[in-house]
Amino acid sequence: MINSHCYHNFIRCFRIEKNEFNDDLMVMDQDALTLKPKLRNEMCHQIAETIEIKASDEVAIASYAHQGMSLGIVISQILTIPFLYLRTSQKKYGLKNQVEGLLLENQKIIFFSLYLPSIELFDKTNAIFQEKKAKMIQWVSIIGKENDAKNLKIPHHFFLKQEKIYGDLKLMER
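All values reported here derive from a predicted model rather than from experimental measurement.

J.: Quick question: what am I supposed to make of the overall build of the protein here?
T.: A count of helical and extended segments in the protein gives seven helices and eight strands. In terms of overall size, the protein behaves like a compact globule, its C-alpha atoms giving a radius of gyration of 17 Å where 174 residues would be expected to give roughly 16 Å. The principal-axis extents of the C-alpha atoms in the protein amount to approximately 50 × 35 × 35 Å. Expressed as a percentage of its 174 residues, the buried residues of the protein come to 45%. The contacts in the protein between residues at least 6 apart in sequence include a share of 59% that link residues at least 24 apart. Summed over all atoms, the accessible surface of the protein reaches about 10000 Å², with 50% contributed by carbon and sulfur. A gap of 2 Å separates the mean positions of the 23 positive and 21 negative side-chain charges of the protein.

J.: What's the story with the pattern of salt bridges in this structure? I'm lost.
T.: Pairing between side chains becomes possible if they bear opposite charge and their charged atoms approach one another. Tallied over the entire structure, the rule returns five salt bridges. Across the pair Asp-24 and Lys-170 runs a salt bridge whose closest N-O atoms are separated by 2.8 Å. Residue Asp-24 is found in strand β2 (residues 24–28), and its partner Lys-170 is found in helix α7 (residues 162–173); the two are separated by 146 residues along the sequence. On the accessibility criterion, Asp-24 (26% relative accessible area) is partly exposed. In this structure, Asp-168 engages Lys-164 in a salt bridge whose closest nitrogen and oxygen atoms are separated by 2.9 Å.

J.: It is not clear to me how the sheet that holds strand β4 (residues 83–86) should be interpreted in this structure. Could you clarify?
T.: The mixed open sheet is built from six strands, whose spatial order is β5-β4-β3-β6-β7-β8. This sheet does not close on itself; its edge strands, each paired only once, are β5 (99–100) and β8 (156–161). Where strand β7 (residues 135–144) meets β8, five bridges bridge the pair, whose relative direction is parallel. Among the inter-strand pairings, Trp-139 is bridged to a residue of β8, identified as His-156. Helix-sheet contacts for helix α4 (residues 69–79) involve β3 (59–64), β4, β6 (108–115) and β7, and the interaxial angle to β3 is about 165°. Taken strand by strand, α7 contacts β7 and β8, and its axis lies near 15° from that of β8.

J.: Quick question: what am I supposed to make of the side chain of His-156 here?
T.: With respect to the helices and strands, the residue His-156 is situated in strand β8. A polar side-chain atom of His-156 sits 2.7 Å from a polar atom in the side chain of Ser-141.

Conventions used here
- Residues numbered from 1 in each chain as written.
- Predicted model: local features only at pLDDT ≥ 70, side-chain atom pairs only at ≥ 80, totals over all residues.
- Heavy atoms only, no water.
- Helix = DSSP H or I, 4+ residues; strand = E, 2+ residues; numbered from the N terminus.
- Rg over C-alpha atoms; globule rule 2.2 N^0.38 Å.
- Buried < 20%, exposed > 50% of the residue type's maximum accessible area, 1.4 Å probe, protein only.
- Contact = heavy atoms within 4.5 Å.
- Areas by Shrake-Rupley, 256 points an atom, 1.4 Å probe, with all protein chains shown as cover.
- Lys, Arg positive; Asp, Glu negative; His and termini not counted.
- Charge placed at Lys NZ, Arg CZ, Asp CG, Glu CD.
- Salt bridge = Lys/Arg side-chain N within 4 Å of Asp/Glu carboxyl O.
- Pairing = 2+ DSSP bridges.
- Axes fitted to C-alpha atoms, helices over the stretch in contact; angles between N-to-C directions.
- Polar contact = N/O pair within 3.5 Å; in protein donor to acceptor, adjacent residues only side chain to side chain.

Everything listed is a geometric property; what it means functionally is a separate question.
Structural data, given as structure tokens:
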């Protein structure tokens, strides 16, 4: 679990905005989190400690750029396992890859994101790995909702409840 000092600095990377329907929307400034080395490293070490892998496993961590890739890279370095960078679609230039990094057949994938994925994102990501004959074994995110996590077809681990962060942000607004 993330300690209170780390949590306090973490929620300062958020703000509440209004969407087009005038509803509150919780927005994370990913750069604010990534560019604070002490906070970034503390969070990444705590996340890495919860990921259980065996040295013999062919495991990699993967993420999309907009879903916490910079943190996923740090976690992969801590665990000394490969990192895979995913795009939502194939690049239109260069090698035209959708997956950057060495993705092996039968490789086990731990997917990392800032938020719990939508079912659509989960299915799309899972399809990318199935096409390459690899398998997602768990989804790890910083923020999640317990009820929504039950809809994923693999284990999902998250560290902070979205409802708590939202409530704390509303208190800070006062």
